[in-house]
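For reference, the chains in residue letters:
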Amino acid sequence: MRQTIYNIIKQSDGRDKLNKFYDYFICAIAFISIIPLMYKREYEIFNLMDTVTVYILFADYVFRWMTYDMRIKKGNISFVIYPFTPYALLDLLSLLPSLGMVSQSFRVLRMLRIFKILRYSKSFNYILHAFEKEKNTLSSVLILALGYIFVSALVMFSYEPETFSDFFAALYWATTALTTVGYGDVYPKTDVGRLISMISSLFGIAVIALPAGIITASFVDEINEEKEQTAASGENDDDEHSKIDRIIEKRMEADKDE
Amino acid sequence: MNNKWRYFIIMLLGAVMNEGLSIIAAPYPVWLDVSGTALAALVLEPAAGLIVGLVNNFIIAFFRYDQTTLIYYCVSAAVAVIVGNLVKNKEGKITVKGVIYAILLVIAASTVLSSTLTIWQSGGVSNAEFELVKFNAFVAKGMHPYAACILTTFIIKIYDTLATAVIVGIIYAILPKKLKYNMQK
C-alpha cells in the first residue's frame with residue numbers, strides 16, 4: 001500500500017500519468033490556497049477554499065511522511081528524519097495557521113505553500129544546489145557585506161548624528177544605500193556626509209554584487225553538470241547506434257514470441 | 001479473495017466503525033473514534049490504519065468541528081503505528097504481551113499528544129462537553145488548568161482505550177478468515 005502511495009506522490013519523471021497528475025494537482029491546490037492572501041476582504045468562499053486546500057495539503061504531508069523511507073532508503077529512522085527536512089518544515093509551518101496552532105496574525109506563513117510549487121521546478125532546484133555548493137563562499141561574502149554596512153552606518157552616524165534618530169536609522173540608511181535601493185527618506189545633509197555616502201556606495205556596489213556573481217556561476221555549473229549527466233546516461237540519445245540497438249531488441253523480442 | 005478487495009473492505013469497515021462508534025458513544029465519556037483505525041492497522045498494516053485515521057479526521061473536522069481539529073490526527077497516527085507494530089509478533093500472531101504493551105502505550109501517547117494539542121490551541125479547555133465537565137471539576141478544586149487538562153485526558157483515554165481494545169478484539173474475532181488473512185500468499 002505504501003509503495004502505491006509512494007509511486008503516486010513521488011516527483012514525476014513524466015512516465016506515469018497518475019504521478020504526473022498528482023504533481024499538477026498539488027501545485028494547483030498550493031496556489032489556490034494562497035489566493036485569499038491576495039485580497040483585503042474576507043469572503044465566505046475563502047474559508048471554504050482554505051478548509052478544502054488545507055485538508056488536501058495535510059494529507060499530502062502525511063503521505064510524504066509515511067513513505068519517506070522509500071525515498072531516502074534509510075529504514076525506520078527516515079520517519080524520524082522527515083519532519084526535520086527543509087521541505088517538511090516549510091509544509092508544516094505553512095499549515096499551522098489553518099490548523100489553529102498559531103494566531104491568525106501569522107497567516108502570512110501560508111505563503112510558504114508556494115514552496116510546494118517551487119519544489120517541482122528544475123530551475124529552483126538548481127538554485128538550491130548552487131546555494132548549497134557555495135554556502136561557505138556566500139557566508140563569507142555575507143559577513144563582509146554586513147560588516148561593511150555596519151561600518152558605513154557607524155561612520156555616518158558619528159559624523160551626522162542629527163540626521164539619524166538612532167543607530168538603527170543609520171543602519172537602515174546604509175542598507176538601502178549600499179543595495180542601491182535608496183528610498184530617499186533618510187539622506188546625508190553635509191558635504192562630508194555626502195562624500196562618505198558616495199565612497200561607501202561605490203564600494204558597496206562591489207560587495208553587494210559579489211553574491212549575485214557567485215550564484216550565477218554556480219547555477220550555470222549546475223545546468224552544465226545536468227546536461228553532461230543526461231548525455232552520459234543516454235537520454236534523448238537518437239544517434240544511429242541507439243536506433244540500431246532498438247531495432248535489434250525489437251527483433252529479439254519478436255523471435256522470443258514466435 | 002483478491003488482496004486489494006480485502007484492503008478495501010477492511011479500510012471501509014474501519015472508516016464506518018470510526019464514525020459509527022463515535023456517534024454511538026456521543027452520550028458517554030468515551031470517543032471510540034480510533035477503533036476502526038486500530039482494526040485496520042491490526043488486520044492489514046500500520047499504513048492502512050494511517051489512511052483510515054486520516055479519513056476519520058477529515059470527516060470529524062469537516063462535519064462536526066472545523067479544520068483546527070485536523071491536527072488531532074497525530075493521535076490516530078500514533079494508535080495506527082503502535083497497534084500495527086506491537087500487537088502481533090513476527091509470525092503475525094496476536095500476543096497478550098503485545099496487547100498489554102499496546103494498550104499502555106496508546107494511553108500514554110494519546111494522553112500526551114491530545115493534552116499538548118489542547119493546551120497549545122485553547123489553554124487546556126476542550127471543545128468536547130464530557131471533557132469540559134471533568135476539566136471544570138478539577139479546576140474548581142483548585143487545580144491548574146494545564147494539569148486539569150492532562151488529568152482529564154488521561155482518565156478519559158483509559159476508558160476509551162480499554163473500550164476500544166474490547167471492541168476491536170470482538171470484531172477481530174468474528175472477522176471471516178478470508179478478510180483476516182491474505183489468502184493470495
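A. Molecular detail of the overall build of chain A. A tally of regular secondary structure across chain A gives 12 helices and zero strands. Each helix and strand of chain A, placed in order from N terminus to C terminus, yields the pattern α-α-α-α-α-α-α-α-α-α-α-α. Its C-alpha atoms give chain A a radius of gyration of 26 Å, clearly above 18 Å, the size a compact globule of 258 residues would have. By its C-alpha atoms, chain A is 95 × 55 × 35 Å across when sized along the principal axes. Considering chain A as a whole, with its 258 residues, one finds that 15% of them fall into the buried category.

B. Layout of the environment of B:Pro46. Residue and element names in this part refer to chain B. Here Pro46 lies in helix α3 (residues 46–64). The class for Pro46 is buried, based on 22 C-beta atoms found within 10 Å. Distance in space between the C-alpha atoms of Pro46 and Tyr28 is 28 Å, their sequence separation being 18 residues. When sequence neighbours within four positions are dropped, the list of residues in contact with Pro46 reads Ala41, Ala80, Val81, Gly84 and Asn85.

C. Structural view of the nonpolar core. In this structure, B:Ala40, B:Ala48, B:Val79 and B:Val83 are the most contacted members of the largest nonpolar core, which totals 56 residues. At the level of secondary structure, the elements contributing two or more residues to this core comprise α2 (17–34) and α3 (44–66) of chain A together with α1 (3–24), α2 (35–43), α3, α4 (73–86), α5 (96–122) and α7 (145–174) of chain B. By residue number, the principal contributor to this core is α4(B), which donates 10 residues. Every residue in contact with B:Val79, bar those within four places of it in the chain, is listed here: B:Val34, B:Thr37, B:Ala38, B:Val106 and B:Ser110. A:Met156, A:Ala170, A:Trp173 and A:Leu178 belong to the second largest nonpolar core, which has eight residues in total.

D. Up close: the environment of B:Leu179. Residue and element names in this part refer to chain B. Here Leu179 is to be found in helix α8 (residues 177–180). Look at Leu179 and you get partly exposed, because 18 C-beta atoms sit within 10 Å. In this structure the C-alpha to C-alpha distance between Leu179 and Leu42, which are 137 residues apart in sequence, comes to 12 Å. Filtering out sequence-adjacent residues up to four positions away, Leu179 remains in contact with Arg6, Ile9 and Ile10.

E. Representation of the packing of α2(A) against α3(A) within the structure. Residue and element names in this part refer to chain A. Relative orientation of the contacting elements α2 and α3 amounts to 140 degrees, with a least axis distance of 9 Å. Classified by the angle their axes make, α2 and α3 are oblique. Where α2 crosses over α3, the handedness of that crossing is left-handed. On α3, the residues touching Ile26, Ile29, Ala30, Ile32 and Ser33 of α2 are Met49, Asp50, Thr53, Val54, Ile56, Leu57 and Asp60. Per-class residue counts for the contact of α2 with α3 are eight nonpolar, two polar and two charged.

F. Representation of the domain arrangement of chain A. With domains assigned, chain A is organised as domain 1 (2–119) and domain 2 (135–244). For domain 1 of chain A versus domain 2 of chain A, the distance between C-alpha centres works out to 32 Å.

G. Structural detail: α7(B). Residue and element names in this part refer to chain B. Its 30 residues place the ends of α7 43 Å apart at the C-alpha level, agreeing with the 44 Å of an ideal helix rising 1.5 Å per residue. Among all positions of α7, only Ala148, Cys149, Ile150, Thr152, Thr153, Ile156, Lys157, Asp160, Thr161, Thr164 and Val168 are buried. Residues of α7 that are buried in the fold lie against α2, α5 and α6 (129–140).

H. The arrangement of the packing of α3(A) against α3(B) in detail. Packing of α3(A) against α3(B) brings their axes to within 11 Å, and their N-to-C directions diverge by 165 degrees. Put simply, α3(A) runs roughly antiparallel to α3(B). You can see that α3(A) and α3(B) cross each other, and the crossing is right-handed. Here A:Tyr55, A:Ala59, A:Val62 and A:Met66 of α3(A) lie close against α3(B), whose contacting residues are B:Ala47, B:Leu50, B:Leu54 and B:Phe58. Class assignment for the residues of the contact of α3(A) with α3(B) results in eight nonpolar, no polar and no charged.

I. How the structure looks around the confidence of the model for chain B. When pLDDT is averaged across chain B, the result is 88; 98% of the residues are at 70 or more. Interface confidence for the predicted complex, expressed as ipTM, amounts to 0.80; the pTM equals 0.73.

Reading guide: rules and limits
Residues numbered from 1 in each chain as written. Chains lettered and ligands numbered in written order. Predicted model: local features only at pLDDT ≥ 70, side-chain atom pairs only at ≥ 80, totals over all residues. Helix = DSSP H or I, 4+ residues; strand = E, 2+ residues; numbered from the N terminus. Rg over C-alpha atoms; globule rule 2.2 N^0.38 Å. Buried ≥ 20, exposed ≤ 12 C-beta atoms within 10 Å, placed from the backbone. Contact = placed C-beta atoms within 7 Å. Core = buried A, V, L, I, M, F, W, Y, C linked by C-beta atoms within 7 Å. Axes fitted to C-alpha atoms, helices over the stretch in contact; angles between N-to-C directions. Parallel < 35°, antiparallel > 145°, perpendicular 65-115°, else oblique. Left-handed = near helix turned anticlockwise from the far one by under 90°. Nonpolar A, V, L, I, M, F, W, Y, C, P; charged D, E, K, R; others polar. Domains from an automatic or database assignment. Expected span 1.5 Å × (residues − 1). pLDDT = per-residue confidence, 0-100.

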